[in-house]
Amino acid sequence: TTEIYTLSLHDALPISRLKVRTMSTRQSLPTDYAPIDLALVESGFLSVQALDPPSGATMPDVMNRYLRWLPRLFRGAVAVRGDAESDVVVMSLAGVPAIRLRRREHSENRITFEVMEGGLAHAGGSFAFVRTSDGGANVVLEGFRPRLPRWLYARTQGRVHVNVMHRFAAVLRKQASDPKDDR
């Protein structure tokens, strides 16, 4: 099963060269995070991806679009149970719970879920959709603690995460130019 998944995943997501940088948590991060593909901080991994949300969309709306789009990207290999209104969201990979998220904060401008655990992650860290002061949005994965060794995560699962988020950003840009397109 692992080999089949790996092949189809590589077919679906071309892996780009990704540089992981190390940051100290003592470095202050601005309210409007600058995009960071993947960085290693003392508490785990940090990834910040900029999005252009559709006009009038709240952060829960954007998260729900992401959760509906994710299974389509992976052609059903990834399933999502729950949405932005749920207390718990479970993302499963080939039927196995990969990541469990528990809602921590919910408003029009920010929705934050705590990473509980799963086959791909230890408990700890957060996953958030945050409105920026310029009307855009960031998806912030902060303090993520993968089950894989850090060096292996940075070369595999971390790259997949970054590519998925870049593709979702492209989907939102395409939807902005053609609102009927829901791919």
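A. Spatial organisation of the packing of helix H2 (residues 59–73) against helix H4 (residues 157–177). The N-to-C vectors of H2 and H4 enclose an angle of 115°; their axes lie 11 Å apart at closest approach. In this view, H2 runs roughly perpendicular relative to H4, as classed from their interaxial angle. As for the relative orientation of H2 and H4, their crossing is right-handed in sense. On the side of H2, the interface is formed by Val-62, Arg-65, Tyr-66, Trp-69, Leu-70 and Leu-73, while H4 contributes Val-164, Met-165, Arg-167, Phe-168, Val-171, Leu-172 and Gln-175. Taken together, the residues of the contact of H2 with H4 sort by class into ten nonpolar, one polar and two charged.

B. Representation of the pattern of salt bridges. Taken as a whole and judged by the stated rule, the model has four salt bridges. We note a salt bridge from Arg-110 to Glu-105, for which the minimum N-O separation is 3.3 Å. You can call Glu-105 partly exposed: its relative accessible area is 36%. The salt bridge partner of Glu-117 is Arg-147, with a shortest N-O separation of 3.7 Å. Here Arg-147 lies in the loop between strand S9 (137–144) and helix H3 (150–155) and Glu-117 lies in strand S7 (residues 110–117), a separation of 30 residues in the sequence. Classification of Glu-117 by relative accessible area gives partly exposed; the value is 36%. The class of Arg-147 is partly exposed, set by a relative accessible area of 40%.

C. Structural detail: the nonpolar core. The biggest cluster of nonpolar side chains holds 42 residues, and the ones touching the most others in it are Leu-51, Tyr-66, Phe-127, Phe-129, Val-164 and Phe-168. Excluding anything up to four places from it in sequence, Phe-168 contacts Leu-51, Val-62, Arg-65, Tyr-66, Trp-69 and Phe-129. Membership of the second largest hydrophobic core comes to eight residues, among which are Ala-39, Leu-46, Val-48 and Ala-128.

D. Spotlight on unusual backbone geometry. Residue Arg-75 is not a glycine yet carries a positive backbone phi of 50°. The residue Ala-94 is not glycine, and still its phi comes out positive at about 55°. You can see Ala-94 is positioned in the loop between strand S5 (88–93) and strand S6 (96–106).

Definitions and cut-offs
- Residues numbered from 1 in each chain as written.
- Predicted model: local features only at pLDDT ≥ 70, side-chain atom pairs only at ≥ 80, totals over all residues.
- Heavy atoms only, no water.
- Axes fitted to C-alpha atoms, helices over the stretch in contact; angles between N-to-C directions.
- Helix = DSSP H or I, 4+ residues; strand = E, 2+ residues; numbered from the N terminus.
- Parallel < 35°, antiparallel > 145°, perpendicular 65-115°, else oblique.
- Left-handed = near helix turned anticlockwise from the far one by under 90°.
- Contact = heavy atoms within 4.5 Å.
- Nonpolar A, V, L, I, M, F, W, Y, C, P; charged D, E, K, R; others polar.
- Salt bridge = Lys/Arg side-chain N within 4 Å of Asp/Glu carboxyl O.
- Buried < 20%, exposed > 50% of the residue type's maximum accessible area, 1.4 Å probe, protein only.
- Core = buried A, V, L, I, M, F, W, Y, C linked by side-chain atoms within 4.5 Å.

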